[in-house]
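Chains, contacts and geometry: an overview
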Amino acid sequence: MHFKSVGIAGVRGAMIFPMGRLAILAWAFLGLLLLRADAEPGRRVALVIGNGTYAEAGTLANPVNDALDIADKLRSIGFEVIEGNDLGKRELERSIGEFSDALEGAGVGLFYYAGHGLQVDGRNYIVPVDARLDMPVKLQLEAVPIDEVLDIMEQQTKVSLVFLDACRNNPFARSLSRTATTRSAKALAGLAQFDSTRGSFIAFSTAPGAVAMDGSGRNSPFAKALLRHIAEPGQSINDMMIAVRRDVVSQTREAQRPWEQGSLLERFEFVPGKGPVKAPEPAAAAAPSTQVAALERSVGDDKSAIEKFLRDDYLSPDVKDMRADVKRLYGPSATIFGTPYDPETLAKVKSDWFAQWASWSLGLDPGSLEVTPHGEGSAQAVFAMSYDYTPKDKSAARVAGKARVTLELIKTDKGWRIVSETSQPM
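I will try to describe carefully the structure that is included in this document. (Residues numbered from 1 in each chain as written. Predicted model: local features only at pLDDT ≥ 70, side-chain atom pairs only at ≥ 80, totals over all residues. Heavy atoms only, no water.)

So, about the overall build of the protein. Along its length, the protein carries 12 helices and 16 strands. Within the protein, buried positions represent 56% of all 426 residues. A fraction of 73% describes how many contacts in the protein between residues 6 or more apart in sequence connect residues 24 or more apart. Total accessible area computed for the protein in this model is approximately 18,200 Å², and 54% of it derives from carbon and sulfur atoms. (Helix = DSSP H or I, 4+ residues; strand = E, 2+ residues; numbered from the N terminus. Buried < 20%, exposed > 50% of the residue type's maximum accessible area, 1.4 Å probe, protein only. Contact = heavy atoms within 4.5 Å. Areas by Shrake-Rupley, 256 points an atom, 1.4 Å probe, with all protein chains shown as cover.)

Written out as structure tokens, the structure is:
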């Protein structure tokens, strides 16, 4: 998803690489952002919105329930919470303004939204309950761009977290004035990707172009899973989303698969803890799902091929021919920490990075690889990578350590390729 604010969209989208930016991108590619996480993140402030009773877009049963329960859960783990439900445009803008004021001096900002959302021309919007969207020209007047909320968070906090349990379709193909009983009006286009560049983690209730269900109980499948896992001590936000995704996939019989992208520079835990914690028992499925089991087996069969790809290709870059290396490793447009890059730019980033080292070694820690299916021919690979770099400049320090790397992969006729890449120091 791409949430770009007016006036800076061109800057964010352009391929401009000053040296500071270039260095950051190189670290991103290698999964080696060596920034220390603070022991205490400071104040944590959340804005929680649930819109369900729409004047001209039907009624959603659960967004208000979801928002109320998420707000209570966040308070219980130390967040200051600003909440609003069934908000019109003016009320929604006031809540965002209050959120902005409260973020001053905070270390973490969180935005949770449940309700209708839409994308038009690469920009994404929250739909207030009083919106009249029978004509595209009314969009700027009736809806609220979500990227404006993210910009506020990124400017004032070190860590920005966004959770969207919203429609992922463009409603202009079928007017929002028609009654909708799910969070997807079944139009043509999904939401655009975020252009998150600094300290953000964005979680979506469903995969691009898919349907986010409202649920038959008190909560949507996504909110139910989030409520179940968010307060587990010592669990990173990445591991939390894996647990959430498994619950939602099971509950919806593969109809809905949560997805996320991130540019966090540090490990984040909602509830800090020491060491690994025992994961809760799997959530009870609505009914047996042979599709989920089959998909798990399919990707499981490919785990050895993915491990070979990581060892032989990803961790053994061809520094003499970076263009060929990028073509071998990545899809046509790879996203690194939320920012997409064309092959030529990525090859330059990698070349400039390796040019500064006399020698290096990259390794996959034995037994650390976890593969999670995202659908037929796609998967997420998470693993621990060790690294050791010796600089050409003998006065410079050697760089060594470990990073937790997360790769989104697709399977092509030539094998696995990377479409998204993030990492955290270990």
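Now that the structure has been shown, the text picks up again.
Glancing now at helix α7 (residues 221-229). Among the nine residues that make up α7, seven are buried, leaving the element largely enclosed by the rest of the structure. Every buried residue of α7 is listed here: Pro-221, Phe-222, Ala-223, Ala-225, Leu-226, Leu-227 and His-229. Packing partners of the buried residues in α7 comprise α3 (63-76), β3 (108-115), β7 (159-166), β8 (200-204) and α8 (237-251).

As a further point, take the pairing of strand β14 (residues 378-391). β14 sits mainly inside the fold: 12 of its 14 residues count as buried. Two elements, β14 and strand β15 (residues 399-412), share 12 bridges in a ladder whose sense is antiparallel. Looking at β15, one finds that Ala-379 is bridged to Leu-409. (Pairing = 2+ DSSP bridges.)

A few words now on the sheet that holds β7. Reading across the sheet, the six strands line up as β2-β1-β3-β7-β8-β9 and stay open at both edges, with mixed pairing between neighbours. Each having just a single partner strand, β2 (80-85) and β9 (259-262) make up the two edges of the open sheet. The sheet shows a mean angle of 10° between the axes of neighbouring strands, taken without regard to direction. In this structure, β3 lies alongside β7, joined through eight bridges in parallel fashion. Following the sheet pairing, Tyr-112 is matched in β7 by Phe-163. (Axes fitted to C-alpha atoms, helices over the stretch in contact; angles between N-to-C directions.)

The tally for this structure, following the rule as stated, stands at 10 aromatic pairs. For the pair Tyr-314 and Phe-383, a centre-to-centre distance of 6.1 Å together with 85° between the ring planes defines the contact as edge-to-face. Remark: Phe-383 occurs in strand β14 and Tyr-314 occurs in helix α10 (residues 303-314); sequence separation between them is 69 residues. Since its relative accessible area comes to 3%, Tyr-314 is described here as buried. For Phe-383, a relative accessible area of 1% gives the class buried. The rings of Phe-79, Phe-163, Phe-268 and Phe-270 are connected pair by pair, giving a single aromatic cluster. (Phe/Tyr/Trp six-rings, centres within 6.5 Å; stacked < 30°, edge-to-face > 60°.)

What follows deals with the sheet that holds strand β5 (residues 123-126). Judged by pairing direction, the sheet is antiparallel, and its three strands sit side by side in the order β4-β5-β6 without closing on themselves. Both edges of this open sheet fall to β4 (117-120) and β6 (144-145), since each of them pairs with a single strand only. Relative to the sheet, helix α6 (residues 146-156) contacts β5 and β6, its axis offset from that of β5 by approximately 95°.

Moving on: unusual backbone geometry. Of note in this structure, Asp-86 is not a glycine but carries a positive phi near 50°. Looking at the element boundaries, Asp-86 is found in the loop between β2 and α4 (89-102). Classification of Asp-86 by relative accessible area gives partly exposed; the value is 30%.

On to the pattern of salt bridges. All chains considered together, the criterion is met by 19 salt bridges. In this structure, Lys-89 and Glu-93 form a salt bridge, with 2.6 Å as the shortest nitrogen-oxygen distance. One end of the pair, Lys-89, and the other, Glu-93, are both in helix α4, four residues apart, so they sit about a helical turn from each other. By relative accessible area, Lys-89 is classed as buried at 18%. Note that Arg-311 and Glu-307 form a salt bridge whose closest N and O atoms lie 3.0 Å from each other. Highlighted residues: Arg-311 and Glu-307, both in helix α10, separated by four residues, approximately one helical turn. A residue is classified by how much of its surface remains accessible, and Arg-311, at 35% relative accessible area, is partly exposed. Looking at Glu-307, the relative accessible area reads 27%, which means it is partly exposed. If you follow the salt bridges from partner to partner, you end up with Asp-313, Asp-325, Arg-328 and Lys-350 in one network. (Salt bridge = Lys/Arg side-chain N within 4 Å of Asp/Glu carboxyl O.)

By the secondary structure assignment, Pro-221 is in helix α7. The spatial distance from the C-alpha of Pro-221 to the C-alpha of Gln-251 is 6.9 Å, given a sequence separation of 30 residues.

Keep in mind these values describe shape, not function.
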